[in-house]
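Structural characterization, general
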Amino acid sequence: MQAAISYITLGVDDLERAVAFYRDVLGLPTEGIVGAEFEQGAVAFFKMAGGLTFALWERDSIAHDCGVTKGIPDPTALMLAHNVASAEEVDTIMSDLPAEAVVKPPRKLFWGGYGGVFSDPDGHLWEVVYNPKHGA
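Residues numbered from 1 in each chain as written. Predicted model: local features only at pLDDT ≥ 70, side-chain atom pairs only at ≥ 80, totals over all residues. Heavy atoms only, no water.

**Quick word on the sheet that holds strand 5 (residues 79–84)**
Strand-to-strand pairing in sheets goes through backbone hydrogen bonds, with the strands running parallel or antiparallel. In plain terms, the rule: Two strands are said to pair when DSSP picks up at least two bridges between them. Helix and strand definitions here come from DSSP, where helices need a minimum of 4 consecutive H or I residues and strands a minimum of 2 consecutive E residues; each element is numbered from the N-terminal end. Convention adopted: a line fitted to C-alpha atoms gives each axis, helices being fitted over their contacting stretch, and angles between N-to-C directions are expressed from 0 to 180 degrees. Any pair of residues with heavy atoms lying within 4.5 Å of one another is described as a contacting pair.
If you walk across this open sheet you meet the four strands as 5-8-7-6, and the pairing is mixed. The sheet terminates laterally at strand 5 and strand 6 (102–108), the two strands that pair on one side only. Strand-to-strand, the axes of this sheet are offset by a mean angle of 15 degrees, without reference to chain direction. Where strand 7 (residues 114–119) meets strand 8 (residues 125–130), six bridges bridge the pair, whose relative direction is antiparallel. In the sheet register, Tyr-114 faces strand 8, and the bridge partner there is Tyr-130. Along the sheet, helix 3 (residues 87–95) contacts strand 5, strand 6, strand 7 and strand 8; its crossing angle with strand 7, the most-contacted strand, is approximately 20 degrees.

**Topic: the layout of surface pockets**
Empty space among the atoms becomes visible once a probe the size of a water molecule is rolled across them. To be explicit about the condition: For each structure, a 1 Å grid was placed over the protein atoms alone; sets of points admitting a 1.4 Å probe that cannot get out are labelled cavities, open sets with protein on both sides within 12 Å along at least five of seven lines are labelled pockets, and lining residues have an atom within 4 Å of a point. Grid points are joined across faces, edges and corners, and a volume is the space filled by probe spheres set on the points. Here the nonpolar group is Ala, Val, Leu, Ile, Met, Phe, Trp, Tyr, Cys and Pro; Asp, Glu, Lys and Arg are the charged ones; every other residue, Gly included, is treated as polar.
Empty space within the largest pocket amounts to approximately 390 Å³. Elements supplying a minimum of two residues to the lining of the largest pocket: strand 5 and strand 8. Considering each element in turn, the lining of the largest pocket owes the most residues, three residues, to strand 5. Split by residue class, the lining of the largest pocket holds 16 nonpolar, one polar and two charged. Considering only enclosed or pocket space, the second largest pocket measures out at about 300 Å³ in volume.

**Here we look at the sheet that holds strand 1 (residues 7–12)**
With respect to topology, four strands assemble into an open sheet ordered 1-4-3-2, the strand pairing being mixed. In this open sheet, the two edge strands, each paired with only one partner strand, are strand 1 and strand 2 (30–34). Taking the axes of each pair of neighbouring strands and ignoring which way they run, one obtains an average angle of 20 degrees across the sheet. Sheet topology note: the strand 3 (residues 43–47)/strand 4 (residues 53–58) ladder contains five bridges and is antiparallel. Pairing of Phe-46 across the sheet is with Phe-54, part of strand 4.

From the geometry alone we can't say anything about function, so treat these as descriptive.
Structure follows, in structure tokens:
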């Protein structure tokens, strides 16, 4: 298997709420929810840098499609990161978020970087981080 990821799909409990957060709060471009005409098929796609596609799909639909039992969400099971070019950019992004989304305000990190953590409406964690040794 080649060391590459093409899609990242997050399971969400309310697709419309999740799309609104990623589109309206984070500003990610999307054509909105597609596939609603198919049972268990409603999904939203967001084109990301580097050819990655980020998707949101309801947890019930993922469980049905994969034949697994939906469990209790665990925010520590997955953490995504958004690297930026400066500490100021971290501050800007984090200050534009609703206060209830901020899990850990921006601060200097023990390894020399600078970052903060927020969560989406389903509890998925995102780190916004500046690494002075590697840039964005």
